[in-house]
Protein chains: 2
Amino acid sequence: MRPLLLFYVLYLVCVCLGVLCVAFVSYWNHHWRGGFAWDGSGLQFNWHPVLMVTGLVVLYGNAAVLYRIPLTWGQNKLPWKLLHAVLMFMALIMSIVGLCAVFDFHNKGGTPNVYSLHSWLGISTVVLFTAQWALGLGVFLLPYSPVELRKLVKPVHVWMGSAIFILSIVSCISGINEKLFFSLKGGSNVTKPYSALPPEAVFANSLGVLIVAFGLVVLKILSNQTWERPEAGQVDGSSRPLLHDEN
Amino acid sequence: MRPLLLFYVLYLVCVCLGVLCVAFVSYWNHHWRGGFAWDGSGLQFNWHPVLMVTGLVVLYGNAAVLYRIPLTWGQNKLPWKLLHAVLMFMALIMSIVGLCAVFDFHNKGGTPNVYSLHSWLGISTVVLFTAQWALGLGVFLLPYSPVELRKLVKPVHVWMGSAIFILSIVSCISGINEKLFFSLKGGSNVTKPYSALPPEAVFANSLGVLIVAFGLVVLKILSNQTWERPEAGQVDGSSRPLLHDEN
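Residues numbered from 1 in each chain as written. Chains lettered and ligands numbered in written order. Predicted model: local features only at pLDDT ≥ 70, side-chain atom pairs only at ≥ 80, totals over all residues. Heavy atoms only, no water.

Concerning the interface of chain A and chain B
- Residue-level contacts link 35 residues of chain A with 35 residues of chain B.
- Between chain A and chain B the total buried area reaches about 3100 Å² when both faces are included, carbon and sulfur atoms providing 81% of it.
- Taken as a group, Tyr 115, Leu 117 and Trp 159 of chain A account for 22% of the area that chain A buries against chain B, more than any other trio of residues on that side.
- There are 0 salt bridges connecting chain A and chain B.
- At the junction of chain A with chain B, the criterion picks out 12 residue pairs in polar contact (both at pLDDT 80 or more).
- Ranked by residues supplied to the side of chain A that touches chain B, first place goes to helix α6 (residues 147-183) of chain A with 13 residues. (Contact = heavy atoms within 4.5 Å. Buried area = accessible area lost by both parts, 1.4 Å probe. Salt bridge = Lys/Arg side-chain N within 4 Å of Asp/Glu carboxyl O. Polar contact = N/O pair within 3.5 Å; in protein donor to acceptor, adjacent residues only side chain to side chain. Helix = DSSP H or I, 4+ residues; strand = E, 2+ residues; numbered from the N terminus.)

This is the structure:
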């Protein structure tokens with residue numbers, strides 16, 4: 001298959017899987033977990049998986065592959081850079097609100113915070129993401145940043161971006177697994193235990209599989225060098241950006 | 001830092017983190033979980049995390065970065081290819097025995113198999129790994145395989161290798177998280193609950209952090225193009241292998 005066609009096929013798969021992830025995590029929490037509220041109850045907790053999957057996985061993944069779209073290569077980079085920064089900022093805000101949802105729920109119920117491996121990795125992911133976004137803003141978006149600094153930081157920014165994305169996948173999967181063990185204890189007429197694989201378990205496990213598939217497609221797009229945006233000078237000169245924004 | 005020096009620093013970090021992962025998972029199960037047996041009891045289960053972390057993560061990761069060691073580039077590729085295949089085979093056998101340990105434990109205790117998201121992803125990882133190893137043997141090691149086929153399959157093999165590795169990290173982290181919730185229920189004099197972060201919880205959470213760190217270092221080494229083994233013809237002619245083994 002030609003590289004350009006392969007890119008767009010993979011990109012379409014990426015967008016479809018992302019939409020499915022958001023639909024699955026929303027339906028799971030709406031239909032089986034009782035829906036949403038912001039009152040310190042279990043309904044407030046339900047915002048946590050929805051916001052983390054939507055922000056930290058789907059929005060983040062889509063923002064990461066933005067520069068890889070060949071249609072954008074002939075255009076000024078600045079608007080795409082701004083879109084990348086805005087989408088990442090929305091992902092960051094959703095992640096922070098998602099953390100607030102679970103902290104608030106724990107605090108109101110007297111449950112300790114940040115003890116599980118899931119929480120250690122999840123918190124690390126959001127802290128690293130915050131640092132990455134702030135560094136990205138300072139180095140790549142503000143116009144006074146020297147070109148040499150941008151060139152130096154770019155590979156670190158790109159690598160950290162993938163590392164944070166992998167961490168977010170790991171955090172989401174361990175969180176969904178943990179949540180299903182907590183929720184599907186059985187012993188009542190309402191819920192069968194997780195081990196009996198009731199429809200909710202099959203559905204939420206499938207959400208996990210979709211998240212991993214989405215993650216692998218995003219990482220596949222990011223890893224292919226032929227889909228990297230050409231540096232300034234490699235494309236037609238007229239497309240050179242107005243600011244120092246090629247790195 | 002010069003690329004070669006950076007490689008060896010990262011490789012040293014990779015080896016040290018790998019040794020720490022094996023030491024941590026073994027000590028956790030020996031010291032806190034009662035040690036090992038093959039009798040269908042919880043002591044048989046303890047083989048599961050040890051074999052999965054040692055085989056599917058540490059041995060697999062080290063086998064994956066083997067070709068990246070610049071010291072090997074001037075040498076015939078065949079012995080390194082054989083070592084890659086043998087290490088991967090050992091990793092596969094350990095993973096399969098690790099699965100047998102948990103299936104046997106479940107079956108003797110009347111616990112259902114393969115219902116959690118952890119188990120779905122873990123099983124998929126080992127199935128894909130088995131297919132990858134068999135394909136690798138047929139395409140890259142057996143001498144009758146045509147060079148054109150090797151060239152076609154190589155990028156798929158490399159990409160699948162990273163994807164399986166990421167899947168194995170996700171499976172291990174969700175498994176450790178799940179195991180700690182199962183084991184540290186509290187309510188006795190012997191164990192405090194997971195939420196009170198007893199020493200075992202801190203230790204096993206740290207194992208999880210080490211596994212993720214090891215994974216990110218391995219993926220960093222694999223992602224750097226300057227550390228890819230040069231193709232035949234790019235290095236000194238005398239290093240050309242005896243068989244069609246440059247792909």
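Picking up where we left off.
Re the environment of Phe 103 of chain B
Residue and element names in this part refer to chain B.
- Following the sequence through the fold, Phe 103 ends up in helix α4 (residues 77-109).
- The spacing of Phe 103 and Leu 184 is 81 residues in sequence and 22 Å in space, taken between C-alpha atoms.
- In contact with Phe 103, other than residues within four places in its own chain, are Asn 113, Val 114 and Ile 123.

What about the pattern of salt bridges?
Residue and element names in this part refer to chain A.
- This structure, assessed with the given rule, holds 4 salt bridges over all chains.
- Across the salt bridge formed by Arg 33 and Glu 200, the nearest N and O atoms sit 2.8 Å from each other. In this pair, Arg 33 is assigned in the loop between α1 (3-32) and α2 (42-45) and Glu 200 in helix α7 (residues 199-223), connecting sequence segments 167 residues apart. Residue Arg 33 shares its accessibility class with Glu 200, and that shared class is buried. (Buried < 20%, exposed > 50% of the residue type's maximum accessible area, 1.4 Å probe, protein only.)

Side note on helix α3 (residues 47-64) of chain B
Residue and element names in this part refer to chain B.
- Taking 1.5 Å per residue, 18 residues should reach 26 Å; α3 reaches 24 Å between its end C-alpha atoms and fits that length.
- If you look at α3, its biggest bend is around 25 degrees, right at Thr 54.
- The buried fraction of α3 amounts to 17 of the 18 residues, a majority that puts the element mostly inside the structure. (Expected span 1.5 Å × (residues − 1). Bend = angle between axes of the 7 residues up to and from the residue.)

Here's the deal with the packing of aromatic side chains
- Here the structure, examined in full by the defined rule, presents 34 aromatic pairs over all chains.
- Residues Phe 181 of chain A and Phe 182 of chain B carry aromatic rings whose centres are separated by 5.0 Å and whose planes lie at 75 degrees to one another, so their mutual orientation is edge-to-face. Taken together, the residues Phe 181 of chain A in helix α6 and Phe 182 of chain B in helix α6 (residues 147-183) connect one chain to another.
- Take Phe 181 of chain A: its relative accessible area is 19%, and that puts it in the buried class. (Phe/Tyr/Trp six-rings, centres within 6.5 Å; stacked < 30°, edge-to-face > 60°.)

Things to note about the confidence of the model for chain A
All names here are of chain A.
- Within chain A, residue pLDDT values average 92, and 92% of them lie at 70 or more.
- By mean pLDDT, α1 is the weakest element of chain A at 96, and helix α3 (residues 47-64) is the strongest at 98.
- Reported for the predicted complex are a pTM of 0.94 and an ipTM of 0.93. (pLDDT = per-residue confidence, 0-100.)

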